[in-house]
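Letter by letter, the chains look like this.
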Amino acid sequence: MTLAADLATRFEQALDTRPETLREAAQDFGHIVQETPLGVLRPRSAAEIQDLLEFAGPRGVPVSVRGGGHSMYGQGQAGGGIVLDLRAMNRVGAVADDRVTVQGGASWREVLAATLPHGRTPPVLTDYLGAGVGGVLSAGGLGGAGHRHGLVADQVLELEVVTGAGEHRVCSPDRDPELFHAVLAGLGQCAVIVTATLRLVPAPARVRRYCLYYAGLTRCLADQRRLAEEQRFTYLEGQARPAGEQGWQYMIEAVAPHDGPCPPDDAALLDGLGHGPAALETEDLGYGEFAHRVDTDEEVLRETGQWLYPHPWLNLLLPHDSAESVVRAVLADPAFRDLRETGVVLLYPLLSGRLRAPLFSRPSGEVLYLFALLRTAPPGSPETVAAMVAANRAAYELARSRGAVAYPVNALPMADADWRDHYGSRHPAFAAAKRRFDPHLVLARGHGLRF
Ligand SMILES: Cc1cc2nc3c(=O)[nH]c(=O)nc-3n(C[C@H](O)[C@H](O)[C@H](O)COP(=O)(O)OP(=O)(O)OC[C@H]3O[C@@H](n4cnc5c(N)ncnc54)[C@H](O)[C@@H]3O)c2cc1C
């Protein structure tokens, strides 16, 4: 019996092999890599996930989880294997004051929609809320509250998972910590996240958002560092934006909570910062409105069709000491000139001591910066996309030679040696966890890790 026939017999109608389903499962937000699976399963319980992994493991059938589908480079695809589409497992449980348990296929939008009516929020949210819970937790999850609270993954109190070996287990920092720490920021290598219990904190009613503009990068980075260390704001991000024909200006985006009758003290919050005095914008928003700020961009890009164009994105984590030189070199590189027209460049600080998930790689030193080059390629031009991916690779190598690491949600080819370098001294322990929890090495091959 062929594998396809074997699968059809075992999973009968549950296995979706319709051409349009396979086409969708061979796509992601990146629109760069297309790997066609044999079929798609849409489990509704941990038992169904277990069934598949018990079948797939001994037969060596690749299995990838699809949550929100926002991978950039085929990370959630399973060529010749099975895609587990978790979107039907999107339940959000009862909201307690300090926690909520959510299924791995829920989006962060669905999580926030359930917690906000109770005046609660996860302490850290990604900028975009359409990504999946399991996808963000397995990447780590960066956002503007990261300089205070760490990763989105650092807010997880407990996980219910099915390992690659087909074991259904519950783990936490105290219960089976090896598994817990292999799953968070673990790129889906060891287990499928069935549910996650997330820490919640009170959500402010309103926030005041400040955008501070800088002509010079040096002063902007110095102020970003200062604001991260002093923790004046609850949210801190920033961008590089084109200015004039050739140049760039820089922006700090900072947010303070705004509860009750008293507005934030602008003078105290902005004291001593080096932005141009006329280059300040402030805006008061409801917390929910602020958390959903990227939704309008998504709507516009969907309307213009650009949401479905290729997205060769690159996210790097730069050490403080070389951040300025890397940012200058990349922004001056003709291979990234298109960033001036279609891209967004994020540049914001994080504190290493706050990022706790052991598998989350970061550069050395306490202060680091996310440098995200978010580009869109024209459709129907594979040569342009290939050139952009090659430019990503060159920028990665330049940054790495100056101490940077990748935030691994990129359109970036990574060889085995790159992954070993990425995990450094933690690689042997990660490889041991992989062999223990996914002994047939079937899970999440789309990330390109080889153990
Ligand atoms: C518009 C946009 C904005 C973004 N903004 C941010 C941001 O602000 N901060 C940030 O940190 N990231 C951001 N990202 C990156 C995003 O967090 C990652 O790409 C994330 O992995 C996407 O998750 P997904 O479920 O939507 O994607 P998918 O492609 O469905 O999944 C990605 C990978 O996650 C793993 N995975 C998914 N679900 C599970 C599960 N239940 N169990 C185990 N593994 C699982 C799998 O390995 C899969 O390959 C953004 C991406 C986009 C497209």
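Residues numbered from 1 in each chain as written. Predicted model: local features only at pLDDT ≥ 70, side-chain atom pairs only at ≥ 80, totals over all residues. Heavy atoms only, no water.

(A) Region of interest: helix α12 (residues 320-332). For α12, built from 13 residues, the straight-helix expectation of 18 Å at 1.5 Å per residue is met to within 8% by its first-to-last C-alpha distance of 19 Å. Turning to α12, its buried residues number three or more, namely S322, A323, V326, V327, V330 and L331. (Helix = DSSP H or I, 4+ residues; strand = E, 2+ residues; numbered from the N terminus. Expected span 1.5 Å × (residues − 1). Buried < 20%, exposed > 50% of the residue type's maximum accessible area, 1.4 Å probe, protein only.)

(B) Seen up close, the site of the ligand. Around the ligand there are 33 residues in total, and G67, G69, S71, L142 and Y407 lie nearest to it. Contact distances for the ligand include 2.6 Å between an oxygen atom and a side-chain N or O atom of S71. Contact between the ligand and D127: an oxygen atom at 2.9 Å from a main-chain N or O atom of the residue. Taken by itself the ligand offers 950 Å² of open surface, and the protein chains cover 93% of this. For the shell around the ligand, the element with the most residues is helix α5 (residues 133-139), which contributes 4 residues. Residues belonging to the shell around the ligand are distributed by class as follows: 16 nonpolar, 15 polar and 2 charged. Three or more residues apiece are contributed to the shell around the ligand by two domains, here domain 1 (3-86 + 437-447) and domain 2 (88-202). (Near = heavy atom within 4 Å. Polar contact = N/O pair within 3.5 Å; in protein donor to acceptor, adjacent residues only side chain to side chain. Areas by Shrake-Rupley, 256 points an atom, 1.4 Å probe, with all protein chains shown as cover. Nonpolar A, V, L, I, M, F, W, Y, C, P; charged D, E, K, R; others polar. Domains from an automatic or database assignment.)

(C) Looking closely at the environment of I49. Residue placement: I49 occurs in helix α3 (residues 46-59). Along the sequence, I49 and G164 sit 115 residues apart, while their C-alpha atoms lie 9.8 Å from each other. Those residues within four positions of I49 in sequence are excluded, and the remaining contacts are P43, L84, L86, M89, V162, V192 and V194. (Contact = heavy atoms within 4.5 Å.)

(D) Main features of the nonpolar core. By size, the foremost hydrophobic cluster in this structure holds 109 residues, and its most contacted members are W108, L137, L159 and F371. In terms of residue count, the dominant contributor to this core is strand β16 (residues 367-374) (8 residues). Two domains share this core, each providing at least three of its residues, namely domain 2 (88-202) and domain 3 (206-406). Discounting chain neighbours no more than four positions away, the residues touching L137 are W108, V152, A153, V156, V183, L184, A185, I193 and A196. In terms of nonpolar packing, the next biggest core, distinct from the first, is built from 22 residues, A46, V162, V194 and V442 among them. (Core = buried A, V, L, I, M, F, W, Y, C linked by side-chain atoms within 4.5 Å.)

(E) The pattern of salt bridges, seen in detail. Evaluated as defined, the whole model comprises 32 salt bridges. Between R209 and E253 there is a salt bridge, with its nearest N and O atoms 2.8 Å apart. With R209 in strand β10 (residues 206-214) and E253 in strand β12 (residues 247-257), the pair connects residues that are 44 residues apart, well separated along the chain. Here the residues in one salt-bridge network are D16, R18, E24, R42, D85 and R87, joined through shared partners. (Salt bridge = Lys/Arg side-chain N within 4 Å of Asp/Glu carboxyl O.)

(F) Up close: the sheet that holds strand β11 (residues 235-243). Spatial strand order, β13-β10-β12-β11-β15-β16-β14-β17: 8 strands in an open sheet with antiparallel pairing. Lying at the two open borders of the sheet, with one neighbouring strand each, are β13 (280-286) and β17 (405-406). Note: strand β14 (residues 314-319) against β16, 6 bridges, orientation antiparallel. Bridge pairing in β16 places L318 opposite Y369. Helix-sheet contacts for α12 involve β11, β12, β14, β15 (344-351) and β16, and the interaxial angle to β16 is about 15°. (Pairing = 2+ DSSP bridges. Axes fitted to C-alpha atoms, helices over the stretch in contact; angles between N-to-C directions.)

(G) Molecular detail of the domain arrangement of the protein chain. Partitioning the protein chain into structural domains gives domain 1 (3-86 + 437-447), domain 2 (88-202) and domain 3 (206-406). Taking the mean C-alpha position of each, domain 1 and domain 3 sit 34 Å from one another. Listed as interface residues are 7 residues of domain 1 and, on the opposing side, 9 residues of domain 3. Looking only at domain 1, the three residues that lose the most surface to domain 3 are F29, H31 and I32, adding up to 67% of its buried area. There are 0 salt bridges connecting domain 1 and domain 3. For the pair domain 1 and domain 3, the number of links is 2 residue pairs in polar contact (both at pLDDT 80 or more). Split into classes, the residues belonging to the side of domain 1 that touches domain 3 amount to 4 nonpolar, 3 polar and no charged. (Buried area = accessible area lost by both parts, 1.4 Å probe.)

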